[in-house]
Structures are given as structure tokens and as C-alpha cells.
Amino acid sequence: MSAPLWPAPLAADPVDATVPLPGSKSVTNRALPLAALAEAPGTVRLALRSRDADLMADALRSLGAGLTPYNESASSVDWTITPGPLRGGARIDAGLAGTVMRFVPPVAALADGEVFFDGDPAARKRPMGPILGALRVLGAEVHGEALPFTVRGPVAGGEVTLDASASSQLISGLLLAGARFEKGVTVRHAGPPVPSAPHIRMTVLMLREAGVTVDDSEPDTWRVEPGPIAARDYTVEPDLSNAAPFLAAAMITGGSVTIPGWPERTTQPGDQLRGLLSEMGATVELRGEGLVLTGTGRVSGIDADLREVGELTPTLAALAALADSPSRLRGIAHLRGHETDRLAALAAEINRLGGDARETEDGLAITPRPLSGGVFHSYEDHRMATAGAVIGLAVPGIQVENIATTGKTLPEFAHMWARMLGGDR
Ligand SMILES: O=C(O)C1=C[C@@H](OP(=O)(O)O)[C@@H](O)[C@H](O)C1
Ligand SMILES: C=C(OP(=O)(O)O)C(=O)O
């Protein structure tokens, strides 16, 4: 299968740009189902528009929720959401979206009939077994162990133990709909550590903000009491994980990038970019106008446990390949079940360009070497595509396969990248 190649622009000068980012995928794709399950209509402002967010909106609509846009731009939309009786018979396309394939089935278990789920060929490989097994234990009828599968309620709720070491979303999905189960839900994790803890905190916080009682006082156990989900007016924060390639550009070129609207407090794991990129040599300041990162043009290698922030790995690996000392990225074995096997993909693509990236049991060991141009394959993975763009800033002749795959969470990526390089102030 051949996909179009995008000549990654080489940076001629230090970047000096302000890069406004559209809404967080993770916040959008939690606010939408919470609003659809609420006791009255609500709004979600500055919601992301992207493939993953559109798939979530379509899924909830086909289950019976009313979603009306009242303010739309290319990458952002304000929604009015009117909860409706949840109906069976829907066919849900999860695309390659982990949030859709894990967050919607527990909602579908509240519908009055069978709901069918499928997604992209690559999505059929993503771990689903533990959440589908949990839904069975909680009372639903589920056919299948991975996409495609069907779910049919009713779901009584109650207690369930699962191994969520493959993805935090296996837990978030059960919690998000859990208040609407007759008995609520108690979810216990048993197994190797759960990744992406900030994303579970985001789920718990958003539930509490919607008036749901959640007890997370015991490690690896979450209790959601049954009860109504309050209608709210959500405003979605900018997607901090999608700031990563733009901030990386300032580091590599010795320039400066400002991300407006960076929240002072957030559960988004992308906030950890501040510490991680400082460790790699950047100066990072949270100011009134946003997060300002200034680079030196030199990048230091890093030894970091990224278990909590796995989705930052592709950008950090790209930076590590351009650094002046070796890096070790640890705690991210679960990336083998992301959009693609990200550890294998990153090692293959960095090595294809002449680099030295080695898969370890739980991550990557990257030793910088001079890189040369070539095709950087993206494996339908938005963050692989942006990692290729980052390397392309410093290495002439990089061509990124299928840059349009960035549409999963950032449809305007190629324009934003060009704008950043052109300078906008
Ligand atoms: O709940 C969420 O919004 C997410 C959780 C994380 O998933 P994993 O725990 O599978 O890494 C993260 O990588 C993904 O991009 C978004
Ligand atoms: C892992 C990711 O996505 P998903 O929500 O599909 O799991 C990601 O965006 O890096």
C-alpha cells in the first residue's frame, strides 16, 4: 500500500512562533460521553474536531444522544448535547481511537438492544479483552474479544477485577459510564502496573465535577457510586500532548515557541513536557501568555520512566535521536498496543535513517548517530507522523508517509507546522 509522501520542511532559522492548539482529545472524548449520559442538556465548548473526536460524536449520536454544533471552525466546535434514551441497533465505527473503542462499549451496555463495534484493521489488534470480560462480569452480553464485537445490556454493575496493564483506558471506560449502572461499579486492577495514571485521574476528576461520587483512596481500586451525572458546561483545554512536536521544534532550532492557554493546573499528561524538555536542555516558563519554551539548538539525552506519559514517547524518541548523548525511555511496554507497535515502529524508522534505536523489554535505548534523509513511515499513527516531522527539521530529505494521519487528533498539523516555520510574530 503506498501512501503520499510529505517532504518534511528543514528548518532554515530558529523558529519564533506562537502556536495555538485545538482542544484535548482526552478531555473532549470524556466530556462528550459524560454529557450524553447526563440528566439534562449541557454544552461542550472548544471541543476538538478531529477523526477521534468526530468518531466519538458519531458513536454517541447513533446511540441516541443529540449533538448540535453551534460554533464551528476547522479544528474546534462548541456542542449542545441533549441526552436521549440510549438505543440498540447501532453500528459504531471506532476507527483507530482507543477512547472510542474503550469508552463507548460501557455506554452501549446501557442501550435497549445490541450494539455492534468495529474499527480500522489496525484497531482489531488493540487490547480489548479485559474491558469486554469486565462488562460480561457486570451483566452485559458480549460477543468477541477484540474488535469487531457486540455488546448488549442490561448491565447491573457491581464489582470486577481486571488486568489493565495494557491500557488505562480499560479502567477509564468502566468508570465513565459506571454511575449509570444500577449498582455503580467497583473496578480493581490486578497485574503489572497500570500505565497513564494522569489519564485515570482525569477520568476521576471529570466524574467528580459532574457530581459523581468516586472513591480512589485505595491503590488500584476505583469505586463509582450509582447516581445521576450532572449536566455541565465543559470548556476543553488545549491538547498539551500535541504541543510536543512544536516545543521540540524550538529545542532543535534554538528558537522559541509559545503555547497560549497552557493551564496552570491540569490532569493532562502533556503537562509533564515542562519537566522532561527542561531535562533535555530547554528553558521552559509558564507565563501569562502561555507556556514559553526556548531552546539552544542542542538536545541532551534523557533517562526517563514514561509510564505515565506514554503518548509523549514518539516526540521524545525523535528528540533523543537528534541529541548529543544517549537516551533510555522506560516503562512503556504498553506502547506495543497503541495505534501501532510504537516501540518497533520508532526503532525501525530511526534506524532506517542511519540511527541507533534499540527496543528493550519495556522501552527504547537510543544512541544518537548522524542521520540521513529517507522515508519515515507513519503506520497510520498520528504521533509517528509528527515524530518524522521533528526529525525532518534537522535532517535534509526526510519524507513522511501519509502526513494526513495526523488528522486523528490534529487535522491542521501540516498547516500549523508550515505557519510555525514561517514565523508568525
Ligand atoms: O484516556 C485517554 O484519553 C488516554 C489514555 C492513554 O492510553 P494508554 O493508557 O492506553 O496509554 C493515552 O496514551 C491515550 O493517548 C489517551
Ligand atoms: C495512544 C493514543 O491514542 P488512543 O486514544 O487511540 O489510545 C495516542 O494518542 O497517543
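Note that the structure is a prediction, hence the values are computed from the model and not measured.

**Q** Even after reading the chapter, I still don't get the overall build of the protein chain, so can you show me in this structure?
**A** Across its full length, the protein chain carries 12 helices and 23 strands. Over its C-alpha atoms the protein chain spans a radius of gyration of 21 Å, differing by no more than 12% from the 22 Å that the globule rule assigns to 425 residues. By its C-alpha atoms, the protein chain is 60 × 45 × 45 Å across when sized along the principal axes. Taken across its 425 residues, the protein chain has 57% of its residues classed as buried. Considering only contacts in the protein chain between residues 6 or more positions apart, those separated by 24 or more positions represent 72%.

**Q** So what exactly am I meant to see when it comes to the environment of T99 here?
**A** Position of T99 among the secondary structure elements: in helix α3 (residues 98–108). On the basis of neighbour counts, which here come to 24 C-beta atoms within 10 Å, the residue T99 falls in the buried class. As for T99 and L135, which are separated by 36 residues in sequence, their C-alpha atoms are 16 Å apart. The residues contacting T99, other than those within four sequence positions of it, are K25, S26, N29, D52, M56 and Q169.

**Q** Looking at this structure, how should I read the pairing of strand β10 (residues 158–162)?
**A** Along any regular strand the residues' side chains alternate between the sheet's two faces. By the bridge criterion, five bridges tie β10 to strand β11 (residues 185–189) in an arrangement that is parallel. From the neighbouring strand, E159 faces β11, where its bridge partner is T186. Traced from β10 through helix α5 (residues 169–178) to β11, the parallel crossover comes out right-handed.

**Q** How should I be thinking about the site of ligand 2 in this particular structure?
**A** Within the structure, ligand 2 sits among A97, G98, T99, E311, H338, E339, R383 and T409. Looking at the shell around ligand 2 residue by residue, the class counts come to one nonpolar, four polar and three charged. When residues of the shell around ligand 2 are sorted by domain, at least three fall in each of domain 1 (5–21 + 238–422) and domain 2 (25–235).

**Q** Help me out: how do you make sense of the sheet that holds strand β19 (residues 327–330) in this one?
**A** Backbone hydrogen bonds hold the strands of a sheet together, and the pairing may be parallel or antiparallel. One open sheet accounts for four strands, arranged β18-β19-β21-β20; its pairing is mixed. Of all strands in the sheet, those bounded by a partner on one side alone are β18 (303–305) and β20 (356–360). Going from strand to strand, the sheet's axes swing by 10° on average, the running direction of each strand aside. Bridge count for β18 against β19 is three bridges, and the pairing is parallel. Within β19, the residue paired with A304 across the bridge is L329. Against the sheet, helix α10 (residues 342–352) makes contact with β20 and β21 (363–367), and its axis sits at roughly 160° relative to β20, the strand it touches most.

**Q** Please explain the sheet that holds β10 as it appears in this structure.
**A** On the basis of which strands lie adjacent, the open sheet formed by four strands has the order β10-β11-β13-β12 and mixed pairing. Looking at which strands have only one partner, the edges of the open sheet turn out to be β10 and β12 (214–215). As paired strands, β12 and strand β13 (residues 221–224) are joined by two bridges and run antiparallel to one another. Counterpart to D215 in the pairing with β13 is R223. Along the sheet, α5 contacts β10, β11 and β13; its crossing angle with β11, the most-contacted strand, is approximately 170°.

**Q** For this particular structure, what's the right way to read the UniProt feature "binding site: phosphoenolpyruvate" (unreviewed entry) in the protein chain?
**A** In the numbering used here, UniProt assigns the "binding site: phosphoenolpyruvate" (unreviewed entry) feature to K25, G98, R126, Q169, R342, R383 and K408. Turning to its location among the elements, G98 is positioned in helix α3. Setting aside its immediate chain neighbours within four residues, G98 contacts R126, S167 and Q169. By the element assignment, R126 lies in the loop between β7 (115–118) and α4 (129–137). If we ignore the near neighbours within four places in the chain, the residues touching R126 are G98, M101 and G337.

**Q** Would you take a moment to explain the UniProt feature "active site" (unreviewed entry) in the protein chain for this structure?
**A** In the numbering used here, UniProt assigns the feature "active site" (unreviewed entry) to E311. One can find E311 in the loop between β18 and α9 (313–321).

**Q** Can you help me understand the site of ligand 1 in this one?
**A** Surveying the vicinity of ligand 1 reveals 13 residues, the closest of which are S26, S167, S168, S196 and H199. Those elements that provide at least two residues to the shell around ligand 1 are α3 and α5. In the shell around ligand 1, the residues fall into one nonpolar, 11 polar and one charged. Looking at which domains feed residues into the shell around ligand 1, each of domain 1 (5–21 + 238–422) and domain 2 (25–235) supplies at least three.

**Q** Any chance you could explain unusual backbone geometry here in plain terms?
**A** Trans peptide bonds make up most of the peptide bonds, and negative phi angles are found at most residues other than glycine. L147 connects to P148 through a cis peptide bond whose omega is -5°. The omega angle of the peptide bond from G153 to P154 is 5°, so this bond is cis rather than trans. Looking at the element boundaries, P154 is found in the loop between β9 (149–152) and β10. Its identity as a non-glycine residue notwithstanding, D220 has a phi of 60°, on the positive side. Topologically, D220 is positioned in the loop between β12 and β13. One non-glycine residue, N402, lies in the positive phi region at around 55°. Positionally, N402 belongs in the loop between β23 (398–401) and α12 (413–422). Classification of N402 by C-beta neighbours within 10 Å gives buried; the count is 22.

**Q** Would you take a moment to explain α10 for this structure?
**A** Counting along an α-helix, one turn takes 3.6 residues, and residues three or four places apart therefore face a common direction. Taken as a whole, α10 has its buried residues at R342, L343, A345, L346, A347, E349 and I350. Buried positions along α10 lie against α9, β20, β21, β22 (374–376) and α11 (382–394). Of the residues one or two after α10, G354 is the one with positive phi, at around 105°.

About the criteria used
Residues numbered from 1 in each chain as written. Chains lettered and ligands numbered in written order. Predicted model: local features only at pLDDT ≥ 70, side-chain atom pairs only at ≥ 80, totals over all residues. Helix = DSSP H or I, 4+ residues; strand = E, 2+ residues; numbered from the N terminus. Rg over C-alpha atoms; globule rule 2.2 N^0.38 Å. Buried ≥ 20, exposed ≤ 12 C-beta atoms within 10 Å, placed from the backbone. Contact = placed C-beta atoms within 7 Å. Pairing = 2+ DSSP bridges. Right-handed = clockwise from strand over helix to strand, strands pointing away. Near = placed C-beta within 6 Å. Nonpolar A, V, L, I, M, F, W, Y, C, P; charged D, E, K, R; others polar. Domains from an automatic or database assignment. Axes fitted to C-alpha atoms, helices over the stretch in contact; angles between N-to-C directions. UniProt positions renumbered as here; feature names shortened; annotations may be inferred.

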